[in-house]
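These are the residues of each chain, in order.
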Amino acid sequence: MHKILGPLLFIALLAFSTHAFAHTALMSCFDEGDDTITCEGGFSDGSSAAGIEFLVKQNDEVILKTRLNEFSEVNFEKPEGDYQAVFNAGEGHVVTVDGKNIF
């Protein structure tokens with residue numbers, strides 16, 4: 001059920017919100033299977049996220065602070081335990097992905 005709800009919510013936001021077409025921050029992360037995680041950021045209007053701040057937080061502490069590369073990606077070692085990946089493009093443009101949801 002959760003797998004269907006997420007895409008439906010995303011489609012509804014795009015269909016019913018004029019702001020969604022303006023400049024919504026997006027990020028997806030996946031486990032590479034080699035104890036590293038890759039996250040890719042971007043914006044709904046297709047603009048690049050190269051150079052945008054990226055954080056990894058654990059227990060409300062920043063354990064990694066870097067910037068997305070020229071391909072709007074970042075790769076980092078998978079932390080032990082709970083963590084969050086944060087795409088920080090400024091106020092109203094922050095996307096957080098819980099490590100539990102990265103497969």
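What you see is a predicted model; the values in this text were computed from it and never measured.

**Structural notes on the nonpolar core**
Ranked by internal contacts, the top residues of the largest apolar core, which has 19 residues, are Met27, Cys29, Cys39, Phe54 and Phe87. Listed by contribution, the elements that provide at least two residues to this core are strand S1 (25–31), strand S2 (36–43), strand S3 (53–58), strand S5 (73–77), strand S6 (84–88) and strand S7 (94–98).

**Section: the sheet that holds S5**
Within the open sheet, the three strands sit side by side as S1-S2-S5. Their pairing is antiparallel. Among the strands making up the open sheet, the edge pair consists of S1 and S5. Recorded for the sheet is a direction-independent mean angle of 20° between the axes of neighbouring strands. Of the pairings in the sheet, the one linking S1 to S2 comprises seven bridges and is antiparallel in character. Each residue of the ladder has a partner; that of Met27, found in S2, is Gly41.

**So, the packing of aromatic side chains**
One pass over the full model with this rule turns up three aromatic pairs. On the numbers, 5.6 Å between centres and 40° between planes, the contact of Phe54 with Phe76 is tilted. With Phe54 in strand S3 and Phe76 in strand S5, the pair connects residues that are 22 residues apart, well separated along the chain. With a relative accessible area of 0%, Phe54 lands in the buried category. Residues Phe76 and Tyr83 carry aromatic rings whose centres are separated by 6.4 Å and whose planes lie at 85° to one another, so their mutual orientation is edge-to-face. Judged by relative accessible area, which is 5%, Phe76 ranks as buried. Counting every residue linked through ring pairs, the aromatic cluster contains Phe54, Phe76 and Tyr83.

Thresholds applied
- Residues numbered from 1 in each chain as written.
- Predicted model: local features only at pLDDT ≥ 70, side-chain atom pairs only at ≥ 80, totals over all residues.
- Heavy atoms only, no water.
- Core = buried A, V, L, I, M, F, W, Y, C linked by side-chain atoms within 4.5 Å.
- Buried < 20%, exposed > 50% of the residue type's maximum accessible area, 1.4 Å probe, protein only.
- Helix = DSSP H or I, 4+ residues; strand = E, 2+ residues; numbered from the N terminus.
- Pairing = 2+ DSSP bridges.
- Axes fitted to C-alpha atoms, helices over the stretch in contact; angles between N-to-C directions.
- Phe/Tyr/Trp six-rings, centres within 6.5 Å; stacked < 30°, edge-to-face > 60°.

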